[in-house]
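Summary of structural features
Here are the chains, one letter per residue:
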Amino acid sequence: MPSVPQEAPSPTHPTPAQPTLKRALRFRDLTLFYIVSGLSVRWVATAAAAGASTLVVWIFALCGFFIPLAACVLELSSRYPAEGGLYVWTREAYGDFSGFIAAWTYWMSNLPYFPAVLYFGAGSVLFAFGARGQHLAGDSRFFLTFALVWLAFITVMNIIGVNEGKWLNNVSSLGSILPISLLIVLAAVSAVRYGSATSFAWHELIPRPSLKNAIFWSTIFFAFGGCEAGSFMGEEIENPRRVIPRALLAGGTIFAGAYIAGTAALLVALPSDAVHGVDGFMRGMMTLCTRLNVAWLAVPVALLLGLNAVGGAAAFLSSTSRLPFVAGIDRYLPRVFGHVHPRFKTPWVAIGCYGLAGMIVALLSQAGTTVRGAYDVLVSMSIIAYFIPYLFLFASMIRLQDRPAGEDVIRVWGGRRVAVVLAAIGFMSTLLTIVLSVIPGEDEPHKALAVAKVLVSTAVLIGAGVVVFLVAERRKKIVTV
């Protein structure tokens with residue numbers, strides 16, 4: 001399917017013409033999209049918690065995962081610049097079933113991401129209110145309300161138009177760029193005046209293999225995911241073959257450098273054992289602000305971090321909702337998912353259902369647990385299922401090298417051999433990351449049970465996708481008889 005600007009009629013059951021999607025995303029919009037979707041400040045705190053050796057792990061993740069991923073996205077989005085991205089690439093390489101399962105695991109794995117990233121934003125915003133806000137730090141109702149209200153707002157903004165959705169992403173990118181930029185500047189000044197809270201000696205930079213570090217490494221690789229998401233909106237981008245590569249290069253360079261420099265800056269402010277996932281970044285900022293007598297900066301930074309979380313949720317909701325939209329066009333989900341709103345020119349049913357599903361996951365995740373427990377569960381739920389689509393993506397890149405590419409297709413520098421090598425590196429890195437993410441933490445009392453829970457939940461998720469696909473296939477055969 002080279003293009004899906006509107007719902008495609010079936011040969012035996014034609015459908016009336018629908019409004020086409022609106023091409024409203026330009027180079028600036030897509031560059032800021034890659035920044036807001038790729039640069040999540042919470043991963044800086046997660047990385048810093050593992051110590052100085054994480055800086056080397058960042059570089060491994062950059063070379064072993066992000067560069068291969070970016071190269072594959074660049075070529076695949078140029079070969080097939082259609083709405084749906086990953087879904088279309090995998091389907092072209094391995095057929096309808098693989099395409100659907102790749103899309104299914106991607107959009108399902110992102111559902112826990114929404115409340116997880118918004119919990120981080122809620123915890124950060126509390127710092128803007130000083131002592132008055134800290135009594136809410138353990139109040140699950142505040143975190144849940146924050147997540148639900150913003151998810152509803154994001155969903156509505158994306159339904160009423162691509163322009164409205166893109167401006168939310170563009171403004172939210174400030175929540176990524178400004179806090180990390182300020183952190184780097186303040187850390188540099190603090191290091192000159194007072195020294196660093198963490199040693200960066202050579203022996204401290206050497207990664208130490210352990211169960212605890214293995215889990216951290218998997219989440220660091222996870223942080224570099226997301227550069228494929230912009231291609232899901234291929235038919236809402238002006239001149240995607242030209243814009244996607246340029247925006248990916250610009251945005252990827254910014255957020256990759258920000259992750260490494262931001263982690264180093266946070267370790268200058270705090271020792272690694274003082275960094276925590278939900279509020280570790282703000283603790284580091286407040287320490288630096290107090291140390292340098294600019295405590296007033298903590299308030300705007302806290303609000304910007306809330307904006308960063310909102311932007312991350314908005315970017316992935318807007319892009320990932322295009323997967324069930326295309327699946328609806330292909331009749332693997334109910335046909336209504338493939339509808340385009342006549343006025344707003346957006347896949348409003350797919351967006352609305354996906355936003356509602358995110359809210360339901362937020363409600364279920366908070367039931368019967370603490371805020372910190374809910375945050376940790378949401379993060380761990382996402383990792384394995386989120387990486388399965390990348391296996392399909394890298395494998396599709398290898399398979400599609402046998403197909404001729406048109407003159408207007410942007411190929412990986414070096415041609416087929418380099419493309420296959422990069423895709424193979426990305427595939428193996430993804431497999432390794434999945435294995436690492438299965439390993440339970442050192443403080444887990446029932447390690448075998450923890451592994452079993454992860455594997456069973458992943459199997460149930462994939463199995464549900466298989467059932468949905470088979471039911472849809474059977475329904476399509478009945479219709480054609």
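Residues numbered from 1 in each chain as written. Predicted model: local features only at pLDDT ≥ 70, side-chain atom pairs only at ≥ 80, totals over all residues. Heavy atoms only, no water.

**Here we look at the overall build of the chain**
Within the chain, the regular secondary structure consists of 20 helices and zero strands. Here the chain holds 481 residues, and the buried ones make up 58% of them. For the chain, the share of sequence-separated contacts (at least 6 apart) that also reach a separation of at least 24 residues comes to 83%. Approximately 19100 Å² of the chain is accessible, and the part contributed by carbon and sulfur atoms is 69%. (Helix = DSSP H or I, 4+ residues; strand = E, 2+ residues; numbered from the N terminus. Buried < 20%, exposed > 50% of the residue type's maximum accessible area, 1.4 Å probe, protein only. Contact = heavy atoms within 4.5 Å. Areas by Shrake-Rupley, 256 points an atom, 1.4 Å probe, with all protein chains shown as cover.)

**Some details on the nonpolar core**
Counting residues in each nonpolar core, the largest one holds 154 residues, and the members touching the most others are Phe224 and Phe281. The contacts of Phe281, once residues within four sequence positions are left out, are Val41, Val44, Ala45, Phe120, Pro179, Ile180, Leu183, Leu266 and Leu305. (Core = buried A, V, L, I, M, F, W, Y, C linked by side-chain atoms within 4.5 Å.)

**Focus on the environment of Pro404**
One can find Pro404 in the loop between α18 (371-400) and α19 (415-438). Under the relative-accessibility criterion, Pro404 is labelled exposed at 77%.

**So, the packing of helix α1 (residues 27-38) against helix α9 (residues 162-172)**
Where α1 meets α9, the axes come as close as 8 Å, and the angle between the chain directions of the two elements is 60°. Taken together, the axes of α1 and α9 lie oblique to each other. The crossing of α1 and α9 is left-handed. Contact with α1, carried on its side by Arg28, Asp29, Leu32, Phe33 and Val36, involves Lys166, Trp167, Asn169, Asn170 and Ser172 of α9 and no other residues of that element. (Axes fitted to C-alpha atoms, helices over the stretch in contact; angles between N-to-C directions. Parallel < 35°, antiparallel > 145°, perpendicular 65-115°, else oblique. Left-handed = near helix turned anticlockwise from the far one by under 90°.)

**Quick notes on the packing of α1 against helix α13 (residues 240-269)**
Two elements in contact, α1 and α13, have axes separated by 8 Å at closest approach and are oriented at 35°. Between α1 and α13 the crossing geometry is right-handed. Across from Phe27, Leu30, Thr31, Tyr34, Ile35 and Gly38 in α1, the residues of α13 making contact are Val243, Ile244, Arg246, Ala247, Leu248, Ala250, Gly251, Ile254, Phe255 and Tyr259. In terms of residue class, the contact of α1 with α13 is built from twelve nonpolar, three polar and one charged. (Nonpolar A, V, L, I, M, F, W, Y, C, P; charged D, E, K, R; others polar.)

**Side note on unusual backbone geometry**
The backbone phi angle of Asn293 is positive, close to 60°, even though this residue is not glycine. Examined against the element boundaries, Asn293 turns out to sit in the loop between α14 (280-291) and α15 (298-320). Note on Asn293: relative accessible area 68%, which makes it exposed.

**Concerning α1**
Its twelve residues place the ends of α1 16 Å apart at the C-alpha level, agreeing with the 16 Å of an ideal helix rising 1.5 Å per residue. Of all twelve residues in α1, ten are buried; the element is thus mostly enclosed. Residues of α1 that are buried: Asp29, Leu30, Thr31, Leu32, Phe33, Tyr34, Ile35, Val36, Ser37 and Gly38. (Expected span 1.5 Å × (residues − 1).)

**Remarks on the confidence of the model for the chain**
In this model, the chain carries an average pLDDT of 83, and 88% of its residues clear a pLDDT of 70 or more. Segment residues 1-16 is flagged for pLDDT under 50; beyond a separation of four residues in sequence, or across chains, it makes 42 contacts in the model. (pLDDT = per-residue confidence, 0-100.)

**Examining a nonpolar patch on the surface**
Side chains of Trp167, Val171, Leu174 and Leu178 sit close together on the surface and give an oily, nonpolar patch of about 360 Å² of accessible area. When contributions to the nonpolar patch are tallied by element, the ones reaching two or more residues are α9 and α10 (174-194). Along the polypeptide, Val171 turns up in helix α9. Among the residues examined, Val171 registers a relative accessible area of 44% and is labelled partly exposed. (Patch = residues over 30% accessible without salt bridge, like charges linked within 9 Å, V, L, I, M, F, W, Y side chains within 5 Å. Salt bridge = Lys/Arg side-chain N within 4 Å of Asp/Glu carboxyl O.)

**Notes on the side chain of Thr346**
Inspection of the secondary structure assignment puts Thr346 in the loop between α16 (322-329) and α17 (348-366). Judged by its relative accessible area of 0%, Thr346 falls in the buried class. A distance of 2.6 Å separates a polar side-chain atom of Thr346 from the backbone oxygen of Ile159. With residues near it in sequence (within four places) discarded, Thr346 still touches Leu21, Asn158, Ile159, Gly161, Val162, His339, Val340, His341 and Ile351. (Polar contact = N/O pair within 3.5 Å; in protein donor to acceptor, adjacent residues only side chain to side chain.)

**Here we look at the pattern of salt bridges**
Inspection of every chain in the model, using the stated rule, returns eleven salt bridges. Salt-bridge contacts for Glu75 lead to Arg411; the nearest nitrogen and oxygen are separated by 3.0 Å. Linking Glu75 in helix α3 (residues 54-79) with Arg411 in the loop between α18 and α19, this pair joins segments that are 336 residues apart in sequence. When its relative accessible area of 0% is taken as the criterion, Glu75 is described as buried. Put simply, Arg241 and Asp408 hold a salt bridge, and the shortest N to O gap is 3.2 Å. Of this pair, Arg241 sits in helix α13 while Asp408 sits in the loop between α18 and α19; the two residues are 167 residues apart in sequence, bridging distant segments of the chain. In this structure Arg241 comes out as partly exposed when scored by relative accessible area, which is 24%.

**Some words on the state of the cysteines**
The term disulfide refers to a covalent linkage connecting the sulfur atoms of a pair of cysteines. One pass over the structure, following the stated rule, counts zero disulfides. Not part of a disulfide, Cys227 finds its nearest cysteine sulfur in Cys72, a span of 9.2 Å. (Disulfide = S-S within 2.5 Å.)

**What about the environment of Val162?**
Looking at where Val162 falls in the secondary structure, it is placed in helix α9. Sequence-wise, Val162 and Leu25 are 137 residues apart; in three dimensions their C-alpha atoms are separated by 7.8 Å. When neighbours within four sequence positions are excluded, Val162 is seen to be in contact with Lys22, Ala24, Leu25, Glu236, Arg322 and Thr346.

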